[in-house]
Amino acid sequence: MEGAGYRDNDVLLHWAPIEEAGDSSQIFFSKKDTSGGDSCTSEEEPTFDPGYEPDWAVISTVRPRPRHSEPKRGAEPSSPRGSWAFSVSLGELRSIRRSKPGLSWAYLVLVTQAGGSLPALHFHRGGTRALLRVLSRYLLLASSPQDSRLYLVFPHDSSALSSSFHHLQLFDQDSSNVVSRFLQDPYSTTFSSFSRVTNFFRGALQPHLEGTSPDLPPAPDDEPEPGFEVISCVELGPRPAVERAPPVTEEEWASHVGPEGRLQRVPELKARIFSGGLSPSLRREAWKFLLGYLSWEGSMEEHKAHVRKKTDEYFRMKLQWKSVSPEQERRNSLLHGYRSLIERDVSRTDRTNKFYEGPENPGLGLLNDILLTYCMYHFDLGYVQGMSDLLSPILYVTQNEVDAFWCFCGFMELVHGNFEESQETMKRQLGQLLLLLRVLDPPLCDFLDSQDSGSLCFCFRWLLIWFKREFPFPDVLRLWEVLWTGLPGPNLHLLVACAILDMERDTLMLSGFGSNEILKHINELTMKLSVEDVLTRAEALYRQLTACGELPHNVQEVLGLASPAEPQSPSPSASPLPLSPTRAPPAPLPPADTATATQPDSSLEILPEEEDDEEGVES
């Protein structure tokens, strides 16, 4: 690993991955030949104990096998030891971008004159302003008039590195020998002093060589200090090939119906629905089971009695709001607000679908009545924008007001947290999605983070209404019935999101998109995705993860392979979820035709986050 040096009176920064051979506690590096030549002399240091400080953390990630089409990040590597190495003169910097407000830590992204972005530098306990002040001793930094978080870089006469380190006051002892120590041991000198550095930074600087151990354990006799967690890297195996099965036919369904109309071999039937979906003619009946309206174990007579009971219950609730007079409603602002919001949303829900098209379509009236009745059923939640999107396909399939209502209630049992005012469920899901994505593709996470998109806010609508606006209407039916099986775990929809991002990975990373361009590109994917391709990839991602014998425990929790140790509500705007040690082996996955249709434009728009003051980020 090489550090800072001088070249023609200019400050040169050269970073290269640490070479690991044999004992991972042995660290090798080369010192830059400052005599003007380009040759480097190899030097082996004695056994090095990183001496992790309690005021910073290195969190390493599960790293997949290297991709051959890895985009370049910043300047060209000066050695073949890793694509993450970079060498840059401070005079070659074009701009420096600060992090967006709202994160619990700050980071800086250095952009070169060639347009490349170097790995993001993350600070969990402040330090960005101090670092910028030091850089200003070598460079002129001017705020861009178009972007307050962007600093334009201009040449400037500089003083010695030791002076800048003294000004930064990062070191306990006298800084006169800091430059030599930095050249000799940049790992400990830098990391032990720069606040809390996340895996974004260490992962960029230290990708392990193929065939060597990715683990960096502390020395055997050392006791870990409080305030940090070092997790061993685990390399994911190759992604397996997955093939979807054909849909379940009426004949196959009938083979599972036993005496008295009871379904038999239900796990096998669910596995078939997961792998292939349902034939359209089966959905009207099968969805009642998938959404919990009818019991998988009940007989035909039990189902008939249950439907009679639920029909009576539905119309009693419907009568509650139907019997409210205009005079009463004027004094009931809550009911009046629900009615107005529902009427507005229903009027623009799936209007290009023949079932809902036309000004006097009876389907619109049923949507309206069911949603108002749900307000009587769930007083605390009421109606929230987006619920009409979830009800529309259910009513289209069942074509029965009562059946649609109770199936919709079953769906809402799965996703009602998405619509709660606190948004804690959405924050938790975005945090879990970020955790999965960081395990599957750390470079993509680093790229999104460097472009102010690390919170994955552009995925909000995907998770809120389960991709209803992203796929053609028939594909939504197929996607939902697969997700409703609960296989292979409780959060397949998060892997669906990972699959879409994986499909768009190269486009996002190689096009040099900023945050607005990323958001625009994601929104433009609407109606352009194939549900079968996405489901195939999502299942492959699941199999790739579960094949890892050392999958971190909190990843296992997300995948439903382990019980959570304690309730958590991670926020996407907070620090990334650290990977926790493996506690249980993953479980195997059970052993999958689409039509096309147009979809109306969205009334749920995702807008870029507003700019806030960043004063509290670095304190």
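The shown structure was predicted, so the numbers you read here are calculated from the model rather than taken from an experiment.

Engineer: Before we go on, may I ask you to explain the state of the cysteines in this structure?
Structural biologist: Here is the idea: a disulfide is a covalent bond, and it sits between the sulfur atoms of two cysteines. This structure, assessed with the given rule, holds zero disulfides. Of the cysteine sulfurs around Cys-407, a residue in no disulfide, the closest is that of Cys-409, at 9.2 Å. Judged by its relative accessible area of 5%, Cys-409 falls in the buried class.

Engineer: In this structure, what is going on with the confidence of the model for the chain? I would like to understand it.
Structural biologist: Low pLDDT marks stretches whose predicted atomic positions should not be read closely. Scored by pLDDT, the chain comes out at a mean of 74, with 63% of its residues at no less than 70. The model gives residues 1-5 a pLDDT under 50, and that stretch makes 35 contacts with residues more than four places away or in other chains. Contacts of residues 17-82 to residues separated by more than four positions or lying in other chains number 172 contacts, the stretch itself having pLDDT below 50.

Engineer: Is there a simple way to explain the nonpolar core in this structure?
Structural biologist: Generally speaking, nonpolar side chains in soluble globular proteins are found buried as a group. Within the largest apolar cluster, 116 residues are counted, with the highest numbers of intra-cluster contacts made by Trp-253 and Val-496. Among the elements that make up this core, the one with the highest residue count is helix α14 (residues 401-415) (ten residues). Beyond its immediate stretch of four places on either side in the chain, Trp-253 contacts Val-248, Leu-263, Leu-269, Ile-273, Leu-282, Ala-286, Phe-289 and Trp-296. Formed by 16 residues, the second largest nonpolar core is a distinct cluster that contains Val-88, Ile-96, Leu-131 and Leu-132.

Engineer: In this structure, what is going on with the pattern of salt bridges? I would like to understand it.
Structural biologist: When the charged atoms of two side chains with opposite charge come close together, those side chains can pair. Scanning all chains against the criterion turns up 32 salt bridges. In this structure, the salt-bridge partner of Glu-424 is Lys-427, at a minimum N-O distance of 3.5 Å. Placement of the pair is Glu-424 and Lys-427 together in helix α15 (residues 424-440), with a separation of three residues, close to one helical turn. Through salt bridges with shared partners, one network takes in Arg-244, Arg-283, Arg-478, Glu-481 and Glu-532.

Engineer: What is the right way to read the environment of Pro-393 from this model?
Structural biologist: Here Pro-393 shows up in helix α13 (residues 387-398). According to the relative accessible area criterion, Pro-393 is buried, its value standing at 0%. Put simply, Pro-393 and Asp-350 are 43 residues apart on the chain and 9.0 Å apart in space, counted from C-alpha to C-alpha. If sequence neighbours within four positions are ignored, Pro-393 has contacts with Trp-287, Lys-468, Phe-473, Leu-477 and Trp-480.

Engineer: Before we go on, may I ask you to explain the pairing of strand β10 (residues 150-155) in this structure?
Structural biologist: Every regular strand shows the same layout, with side chains that alternate between the two sheet faces. Where strand β6 (residues 93-98) meets β10, three bridges bridge the pair, whose relative direction is antiparallel. Counted as the bridge partner of Arg-97 is Leu-150 from β10. Examined bridge by bridge, strand β9 (residues 139-143) and β10 share five bridges and lie antiparallel to one another. Bridge assignment links Leu-139 to a residue of β10, and that residue is Pro-155.

Engineer: Explain unusual backbone geometry here, please?
Structural biologist: Note: most peptide bonds trans; most residues except glycine with negative phi. Here Leu-487 and Pro-488 are connected by a cis peptide whose omega angle stands at -5 degrees. A positive phi angle, near 65 degrees, is found at Glu-260, a position not held by glycine. With respect to the secondary-structure elements, Glu-260 resides in the loop between α6 (250-254) and α7 (266-276). Backbone geometry at Trp-466 places phi at a positive 50 degrees, although glycine is not the residue there. A relative accessible area of 7% places Trp-466 in the buried class.

Engineer: Quick question: what am I supposed to make of the packing of α13 against helix α18 (residues 473-484) here?
Structural biologist: Interaxial distance between α13 and α18 falls to 11 Å at its minimum, and their mutual angle equals 95 degrees. In terms of orientation, α13 and α18 fall into the roughly perpendicular class. When α13 is examined against α18, the residues Asp-389, Leu-390, Ser-392, Pro-393, Ile-394, Tyr-396 and Val-397 are found in contact with a partner set consisting of Phe-473, Leu-477, Trp-480 and Trp-484.

Engineer: How do you make sense of the packing of aromatic side chains when you look at a structure like this?
Structural biologist: One pair of aromatic rings is described through two measures. These are the centre distance and the angle between the planes. All told, the structure shown has 19 aromatic pairs when counted by the stated rule. On the basis of an interplanar angle of 40 degrees and a centroid distance of 5.4 Å, the ring pair of Phe-289 and Trp-296 is categorised as tilted. Accessibility expressed as a relative area gives 10% for Trp-296, which makes it buried. Relative to Tyr-377, the ring of Tyr-374 lies with its centre 5.8 Å away and its plane at 40 degrees, an arrangement referred to as tilted. On the criterion of helical spacing, the pair formed by Tyr-374 and Tyr-377 is a turn pair, its members being three residues apart in helix α12 (residues 362-377). What makes Tyr-377 partly exposed here is its relative accessible area of 33%. The ring of Trp-406 has Lys-310 sitting right over it, with the charged end atom 4.2 Å from the ring centre.

Engineer: I keep staring at the packing of α15 against helix α19 (residues 492-503) and nothing clicks. Help me out?
Structural biologist: The description of two packed helices rests on the angle between their axes and on the distance between the axes. Closest axis-to-axis distance for the α15/α19 pair is 10 Å, and the angle between their directions is 50 degrees. Taken together, α15 and α19 sit at an angle that is classed as oblique. With respect to the hand of their crossing, α15 and α19 are arranged in right-handed fashion. Residue-level contacts link Gln-429, Gln-432, Leu-433, Leu-436, Leu-437 and Leu-440 of α15 to His-493, Leu-494, Leu-495, Ala-497, Cys-498 and Leu-501 of α19.

Engineer: Honestly, α18 in this entry has me stumped. Any pointers?
Structural biologist: Note on helix geometry: an α-helix contains 3.6 residues per turn, so any two residues three or four positions apart are oriented the same way. Over its twelve residues, α18 runs 17 Å from end to end, which matches the ideal 16 Å to within 8%, given 1.5 Å per residue. Burial within α18 is extensive, with eleven of its twelve residues counted as buried. Those residues of α18 lying buried are Phe-473, Asp-475, Val-476, Leu-477, Arg-478, Leu-479, Trp-480, Glu-481, Val-482, Leu-483 and Trp-484. Each element contacted by the buried residues of α18 is listed here: α7, α8 (280-290), α13, α14, α19 and α22 (531-546).

Engineer: Sorry, what's going on with the side chain of Asp-345 here?
Structural biologist: Tracing the chain through its elements places Asp-345 in helix α11 (residues 333-346). Classification of Asp-345 as buried rests on a relative accessible area of 2%. Among residues more than four places away in sequence, those in contact with Asp-345 are Tyr-383, Gln-385, Gly-386 and Ser-388.

The rules behind the values
Residues numbered from 1 in each chain as written. Predicted model: local features only at pLDDT ≥ 70, side-chain atom pairs only at ≥ 80, totals over all residues. Heavy atoms only, no water. Disulfide = S-S within 2.5 Å. Buried < 20%, exposed > 50% of the residue type's maximum accessible area, 1.4 Å probe, protein only. pLDDT = per-residue confidence, 0-100. Contact = heavy atoms within 4.5 Å. Core = buried A, V, L, I, M, F, W, Y, C linked by side-chain atoms within 4.5 Å. Helix = DSSP H or I, 4+ residues; strand = E, 2+ residues; numbered from the N terminus. Salt bridge = Lys/Arg side-chain N within 4 Å of Asp/Glu carboxyl O. Pairing = 2+ DSSP bridges. Axes fitted to C-alpha atoms, helices over the stretch in contact; angles between N-to-C directions. Parallel < 35°, antiparallel > 145°, perpendicular 65-115°, else oblique. Phe/Tyr/Trp six-rings, centres within 6.5 Å; stacked < 30°, edge-to-face > 60°. Lys NZ or Arg CZ within 6 Å of the ring centre and 35° of its normal. Left-handed = near helix turned anticlockwise from the far one by under 90°. Expected span 1.5 Å × (residues − 1).

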